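# Observations on the three-dimensional arrangement
As a plain string of letters, each chain reads:
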Amino acid sequence: MTVSLEVAEGVGTLRLDRPPMNALDIATQDRLKELAEEAARREDVRAVVVYGGEKVFAAGADIKEMQAMDHTAMVLRARALQDSFTAVARIPKPVVAAVTGYALGGGCELALCADYRIAGENAKLGQPEILLGLIPGAGGTQRLARLVGPSKAKDLIFTGRMVKADEAERIGLVDRVVPADEVYAQAHAWAAKLAHGPALALRAAKEAVDTGLEADIDTGLAIERNWFAGLFATEDRERGMRSFVEEGPGKAKFL
């Protein structure tokens, strides 16, 4: 299988495994969507790490496969391509991308679907589609601009240049840079900490931020207000507040 889902102690690892560069062909895209939806459903998965292995995250689409496609073929495929990535973005749990080596084109777009990105010092990220006479087609023009701002996104998309880990962190494309051999461990630790948190509140927080960004401020505040009030019906809220009153802050156990 080109993508696998391994679950341990509440953390699901979505692992790309298509040597040598984890090129994202159609079969890999479809498998990614299938397993992302599984991770979303499974109660034993409370946080997710997206990982490409020690050497490379994902070097983009399978260009040879795409070269053989004409306009009609891509019209029929483009929605499925986007849907495979959107399935990762819509996992209603914390998702962290563990980025080593190249994350280019579709690989960068996949990292953009995570809530948080930890990159190795050897990471190189970019949207080089313009060099093929194309634009990003799996969410890059939208998610990248929302993450780093339109001018920085346009620079990367217009030029097709790669950025190293330090620049990626500086412009907000990644959130933390660590030694390459520590990427997965630190990403897993981030996910594991959240896997022991209040699942419904984490889901609400992610939904409020993500949907609020697509709306005006008043609509965003309404979304927040509804989620906030709704959490007062949950056992986790009762447990968290009771622990605060009886034991002090930060000691509640939600599992």
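In this text, all values refer to a predicted model and were calculated from it rather than measured experimentally.

What counts, and at which threshold
- Residues numbered from 1 in each chain as written.
- Predicted model: local features only at pLDDT ≥ 70, side-chain atom pairs only at ≥ 80, totals over all residues.
- Heavy atoms only, no water.
- Helix = DSSP H or I, 4+ residues; strand = E, 2+ residues; numbered from the N terminus.
- Rg over C-alpha atoms; globule rule 2.2 N^0.38 Å.
- Buried < 20%, exposed > 50% of the residue type's maximum accessible area, 1.4 Å probe, protein only.
- Contact = heavy atoms within 4.5 Å.
- Areas by Shrake-Rupley, 256 points an atom, 1.4 Å probe, with all protein chains shown as cover.
- Lys, Arg positive; Asp, Glu negative; His and termini not counted.
- Charge placed at Lys NZ, Arg CZ, Asp CG, Glu CD.
- Patch = residues over 30% accessible without salt bridge, like charges linked within 9 Å, V, L, I, M, F, W, Y side chains within 5 Å.
- Salt bridge = Lys/Arg side-chain N within 4 Å of Asp/Glu carboxyl O.
- Arc of directions from axis to C-beta.
- Expected span 1.5 Å × (residues − 1).
- Disulfide = S-S within 2.5 Å.
- Axes fitted to C-alpha atoms, helices over the stretch in contact; angles between N-to-C directions.
- Parallel < 35°, antiparallel > 145°, perpendicular 65-115°, else oblique.
- Left-handed = near helix turned anticlockwise from the far one by under 90°.
- Nonpolar A, V, L, I, M, F, W, Y, C, P; charged D, E, K, R; others polar.
- Pairing = 2+ DSSP bridges.

## Considering the overall build of the chain
Assigned secondary structure in the chain consists of 11 helices and 9 strands. Here the C-alpha atoms of the chain give a radius of gyration of 19 Å, agreeing with the 18 Å that 2.2 N^0.38 yields for 255 residues. The principal-axis extents of the C-alpha atoms in the chain amount to approximately 65 × 40 × 35 Å. For the chain, buried positions account for 43% of its 255 residues. In the chain, the proportion of contacts linking residues at least 24 apart, taken out of those at least 6 apart, comes to 70%. Surface summary for the chain: the accessible area is close to 13500 Å², and the carbon and sulfur share equals 56%. Side chains of the chain carry 32 positive and 37 negative charges; the gap between the two charge centres is 1 Å.

## Here's the deal with unusual backbone geometry
Look at the link from Pro19 to Pro20: it is a cis peptide, with omega at 0 degrees. Take Pro20: it is sitting in the loop between β2 (11–16) and α1 (26–41). Phi is positive for Glu9, close to 55 degrees, though the residue is something other than glycine. Among the structural elements, Glu9 can be located in the loop between β1 (3–8) and β2.

## Concerning a nonpolar patch on the surface
Together, Met21, Tyr102 and Met162 make up an exposed nonpolar region whose accessible area comes to about 240 Å². With respect to the helices and strands, the residue Tyr102 is situated in strand β5 (residues 102–104).

## Focus on the pattern of salt bridges
What the rule picks out here adds up to 15 salt bridges. Here Lys206 ties to Asp115 by a salt bridge, and the two come within 2.9 Å at their closest N and O atoms. With Lys206 in helix α9 (residues 199–212) and Asp115 in the loop between α4 (106–112) and β6 (116–120), this residue pair connects regions lying 91 residues apart in the sequence. The class for Lys206 is buried, based on a relative accessible area of 12%. Note that Glu235 is salt-bridged to Arg239, the shortest N-O span being 2.6 Å. Of this pair, Glu235 and Arg239 are both found in helix α11 (residues 235–247), 4 residues apart, which corresponds to roughly one turn of the helix. Within this structure, Arg18, Asp25 and Asp62 form a network of salt bridges that share partners.

## Concerning helix α6 (residues 150–159)
Of all the positions in α6, only Ala153, Leu156 and Ile157 are classed as buried. Summarising the axial view, the buried residues of α6 lie within an arc of 95 degrees, below the 170-degree limit, and thus occupy one face. More than 90 degrees from the buried face of α6, the exposed residues found are Ser151 and Phe158. Tucked inside the fold, the buried residues of α6 contact α5 (140–148), β8 (162–164) and α7 (165–171). The positive-phi residue at the C-terminal boundary of α6 is Gly160, with phi of around 70 degrees.

## Some words on helix α8 (residues 183–195)
Counted at 1.5 Å a residue, the expected span for α8 with its 13 residues is 18 Å, and the 18 Å between its end C-alpha atoms agrees. Burial in α8 covers these residues: Val183, Ala187, Ala191 and Ala195. All buried residues of α8 lie within an arc of 95 degrees about the axis, which places them on one face of the element. Buried residues along α8 sit against β2, β3 (47–51), β4 (95–99), β6 and β9 (176–178).

## Details of the state of the cysteines
When the sulfur atoms of two cysteines share a covalent bond, that bond is a disulfide. Taken as a whole, this structure holds 0 disulfides when the rule is applied. Of the cysteine sulfurs around Cys108, a residue in no disulfide, the closest is that of Cys113, at 10.0 Å.

## Points about the packing of α5 against α6
Any two packed helices are characterised by the angle at which their axes cross and by the distance between the axes. Relative orientation of the contacting elements α5 and α6 amounts to 135 degrees, with a least axis distance of 7 Å. Taken as axis vectors, α5 and α6 run oblique relative to one another. Between α5 and α6 lies a crossing of right-handed hand. Residues Gly140, Thr141, Leu144, Ala145 and Val148 of α5 form the contact with α6, whose own contacting residues are Pro150, Lys152, Ala153, Leu156 and Ile157. Partitioning the contact of α5 with α6 into residue classes produces 7 nonpolar, 2 polar and 1 charged.

## A closer look at the sheet that holds β3
Either a parallel or an antiparallel arrangement is found when strands of a sheet pair, and the pairing is made through backbone hydrogen bonds. Judged by pairing direction, the sheet is mixed, and its 6 strands sit side by side in the order β1-β2-β3-β4-β6-β9 without closing on themselves. Taken across any chain shown, the strands that pair with only one partner, and hence form the sheet edges, are β1 and β9. Here the strands of the sheet are splayed against their neighbours by 20 degrees on average, with no regard to which way each runs. Direction of pairing for β3 relative to β4: parallel, over a ladder of 4 bridges. Note that in β4 the partner of Tyr51 across the bridge is Ala98.

Don't take any of this as a statement about function, it's just geometry.
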